[in-house]
Amino acid sequence: MPRIDWKKLHSYALASVLVGAASLMAVPSGAALAQSSVVRGLPDFTELVEQVGPSVVNIRTSEKVSARGNVNGMDEDMLEFFRRFGVPIPNMPRQQRPQRPQPDEEQPRGVGSGFILTSDGYVMTNAHVVDGADEVIVTLTDKREFKAKIVGADKRTDVAVVKIEASGLPAVKVGDVSRLKVGEWVMAIGSPFGLESTVTAGIVSAKQRDTGDYLPFIQTDVAINPGNSGGPLINMRGEVVGINSQIYSRSGGFMGISFAIPMDEAIRVSDQLRTSGRVTRGRIGVQIGQVTRDVAESIGLGKASGALVTGVETGSPADKAGIEAGDIITRFDGKVIDKLADLPRLVGNTKPGTKSTVTVFRRGSAKDLSITIAEIDGDKPAAKLAEREEKPRASAAAQAVGLSVSALTEAQRKELKIRGGVVVNAATDAAARAGLREGDIILSIANTEIGGVKDFEAALAKADKAKPINVLFRRGEWAQYALIRPSK
């Protein structure tokens with residue numbers, strides 16, 4: 001075994017230390033400052049908790065539940081039948097006798113969170129926290145309890161406002177959501193699983209997150225669980241920037257993704273609730289769909305943006321303004337419709353009665369239309385498609401791409417409220433692969449409006465067979481695009 005020369009080893013170690021020190025000293029002062037600025041400590045939330053904590057409340061709800069139907073899942077009428085005729089109740093021990101129904105009782109319904117919006121007792125929470133509740137109890141951090149009155153709730157945005165009879169309350173400070181940045185630290189306070197005044201923290205994971213609702217949610221990784229609903233999302237300045245509302249979960253518990261309602265949207269809703277107890281929204285009466293990249297390229301739109309009008313409600317503002325099925329709405333009041341969800345948000349936030357401008361892309365060109373916004377109401381039943389009144393006539397040009405079409409009758413056009421088009425009698429080969437089927441009404445092909453079979457044949461003959469052919473068709477009440485790719 002070789003012997004270790006400790007003197008030589010010591011000299012090597014000393015040389016390494018000196019070289020390392022020299023390299024550190026050689027780093028420019030500016031770079032050193034930049035390097036040190038990257039290394040930051042974790043934020044301290046203690047002051048924020050002390051500042052905002054007293055404004056957060058616990059909300060308990062209860063509902064009146066009838067005692068009827070508490071024996072083997074049977075209602076009182078069925079139990080009375082067994083009593084009257086002396087028939088034994090199935091699956092019930094002899095010693096157990098059914099009790100007469102008791103008066104309706106208040107039973108706990110759920111627990112949520114909220115926060116004090118104004119010092120005179122207005123409290124904001126989620127609509128689903130108070131939905132269906134007969135009694136709402138608000139508990140402050142100082143343990144005072146108040147019976148609250150539901151001022152109003154909006155299920156579309158999941159925002160609700162309740163009022164307690166108190167004054168001098170510690171109201172929250174509302175923040176500017178536009179200043180919120182992805183990666184910024186945020187904190188939540190609430191009552192997960194009934195555990196009051198629980199504090200959790202994390203960062204903003206994303207903004208403008210679409211979940212199919214009217215709102216562009218704030219996505220965070222802050223731990224949110226049942227009971228946190230309605231509680232505030234707070235930035236490092238102690239301002240409320242959102243209402244914790246939803247989580248993404250496959251287990252029912254927190255899985256690292258939660259969503260908060262942006263505070264600017266919530267305030268807009270709460271102002272209406274406090275004024276009138278309800279929220280009014282604008283509508284124009286269109287059914288819309290996604291614009292795919294293939295469709296956008298084939299019709300000359302270029303970028304896959306905007307909202308495809310798949311149907312127009314008869315007599316609606318859109319109908320009166322001249323919007324047609326197949327139009328792509330690209331702007332509303334000058335604001336760009338980048339994605340499908342932008343349109344209902346912009347229209348919904350417009351006051352009914354307002355005159356607005358809608359820009360549509362139709363058959364290769366843009367067009368501005370004036371429209372008067374109506375108030376949103378319940379859905380209307382779809383009209384039935386009229387039956388065909390004449391036997392189909394085959395089209396040679398259509399058969400080349402796997403289609404058999406025929407003309408629409410005048411009665412069909414009136415029933416469908418369309419100027420022209422042809423009806424598909426059969427779809428095979430390329431047409432079937434594109435998704436067309438019997439009964440579809442073809443309105444345009446290759447950006448050319450179809451008046452009848454002759455127009456259809458002419459448009460199809462002119463279409464470039466080397467490229468996908470865009471077809472605007474109507475199925476039932478709604479219109480959409482298909483791309484026919486002829487076989488080479």
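Worth saying up front: this structure is predicted, and the values here are computed from it rather than measured.

K.L.:
Explanation requested: the overall build of the protein in the structure shown.
P.N.:
The number of helices and strands found in the protein is 13 helices and 27 strands. Split into buried and exposed, the 488 residues of the protein put 42% on the buried side. In the protein, 61% of the contacts between residues at least 6 apart in sequence involve partners at least 24 apart. Surface summary for the protein: the accessible area is close to 26600 Å², and the carbon and sulfur share equals 52%.

K.L.:
Can you help me understand the layout of surface pockets in this one?
P.N.:
Where empty space is left in the structure can be found by rolling a water-sized probe over the atoms. Estimates place the volume of the second largest pocket at around 290 Å³. Surrounding the second largest pocket, 15 residues form its lining, Gln 208, Pro 216, Asp 264, Glu 265 and Arg 345 being those nearest its centre. Of all the elements, helix α9 (residues 342-348) adds the most residues to the lining of the second largest pocket, at three residues. Tallied by class, residues from the lining of the second largest pocket come to six nonpolar, three polar and six charged. The two domains that each donate at least three residues to the lining of the second largest pocket are domain 1 (175-265) and domain 2 (282-375).

K.L.:
Where do I start with helix α13 (residues 453-462) in this structure?
P.N.:
The periodicity of an α-helix, 3.6 residues per turn, causes residues three or four places apart in sequence to face the same way. Listed as buried for α13 are Val 453, Phe 456, Ala 459 and Leu 460. Down the axis, α13 shows its buried residues gathered within 130° of arc, on one side only. Turned more than 90 degrees from where α13 packs its buried face, Lys 454, Ala 461 and Lys 462 sit exposed.

K.L.:
Which parts of the structure should I look at to understand the UniProt feature "active site" (unreviewed entry) in the protein?
P.N.:
Mapped onto this structure's residue numbering, the UniProt feature "active site" (unreviewed entry) falls at His 128, Asp 158 and Ser 229. These residues run over 102 residues, yet every pair of their C-alpha atoms falls within 10.0 Å of each other. Topologically, Asp 158 is positioned in the loop between β5 (145-154) and β6 (159-163). For Asp 158, a relative accessible area of 12% puts it in the buried group. Setting aside residues up to four positions removed in sequence, Asp 158 forms contacts with Thr 125, Asn 126, Ala 127, His 128, Ser 245 and Ile 261. Secondary-structure assignment places Ser 229 in the loop between β10 (217-220) and β11 (232-235).

K.L.:
How do you make sense of the pattern of salt bridges when you look at a structure like this?
P.N.:
A side chain of one charge can pair with a side chain of the opposite charge when the charged atoms of the two come close. Across all of its chains, the model carries 22 salt bridges by this definition. Between Lys 303 and Asp 338 there is a salt bridge, with the nearest N and O atoms lying 3.2 Å from each other. Of this pair, Lys 303 sits in the loop between α7 (293-299) and β16 (307-312) while Asp 338 is found in the loop between β18 (335-336) and α9, placing the two residues 35 residues apart along the sequence. Of the charged contacts in the structure, one is a salt bridge between Asp 342 and Lys 339, with a shortest N-O distance of 3.4 Å. Residues joined in a network through salt bridges with shared partners are Glu 324, Asp 327, Arg 362, Arg 363, Arg 419 and Glu 449.

K.L.:
Sorry if this is basic, but what is going on with the confidence of the model for the protein here?
P.N.:
The predicted coordinates of low-pLDDT regions are not to be read in fine detail. Per-residue confidence for the protein averages 80 on the pLDDT scale, and 76% of its residues sit at or above 70. Overall, residues 378-393 carries pLDDT values under 50, and its contacts beyond four positions in sequence, including any with other chains, amount to 27 contacts.

K.L.:
Is there a simple way to think about the pairing of strand β26 (residues 469-475) in this case?
P.N.:
On any regular strand, side chains alternate: one points to one face of the sheet, the next to the other face. Among the seven residues that make up β26, six are buried, leaving the element largely enclosed by the rest of the structure. As paired elements, strand β24 (residues 441-445) and β26 share four bridges and run antiparallel to each other. Bridge pairing in β26 links Ile 441 to Arg 474. The pairing of β26 with strand β27 (residues 478-484) spans seven bridges and is antiparallel. Bridging from a neighbouring strand, Leu 472 pairs with Tyr 481 of β27. As consecutive antiparallel partners, β26 and β27 are separated by two residues, and within that stretch Gly 476 has a phi angle of approximately 70°, a positive value.

Conventions used here
Residues numbered from 1 in each chain as written. Predicted model: local features only at pLDDT ≥ 70, side-chain atom pairs only at ≥ 80, totals over all residues. Heavy atoms only, no water. Helix = DSSP H or I, 4+ residues; strand = E, 2+ residues; numbered from the N terminus. Buried < 20%, exposed > 50% of the residue type's maximum accessible area, 1.4 Å probe, protein only. Contact = heavy atoms within 4.5 Å. Areas by Shrake-Rupley, 256 points an atom, 1.4 Å probe, with all protein chains shown as cover. 1 Å grid on protein atoms, 1.4 Å probe; cavity = no way out; pocket = protein on both sides within 12 Å on 5 of 7 lines; lining within 4 Å. Points joined across faces, edges and corners; volume = space filled by probe spheres on them. Nonpolar A, V, L, I, M, F, W, Y, C, P; charged D, E, K, R; others polar. Domains from an automatic or database assignment. Arc of directions from axis to C-beta. UniProt positions renumbered as here; feature names shortened; annotations may be inferred. Salt bridge = Lys/Arg side-chain N within 4 Å of Asp/Glu carboxyl O. pLDDT = per-residue confidence, 0-100. Pairing = 2+ DSSP bridges.

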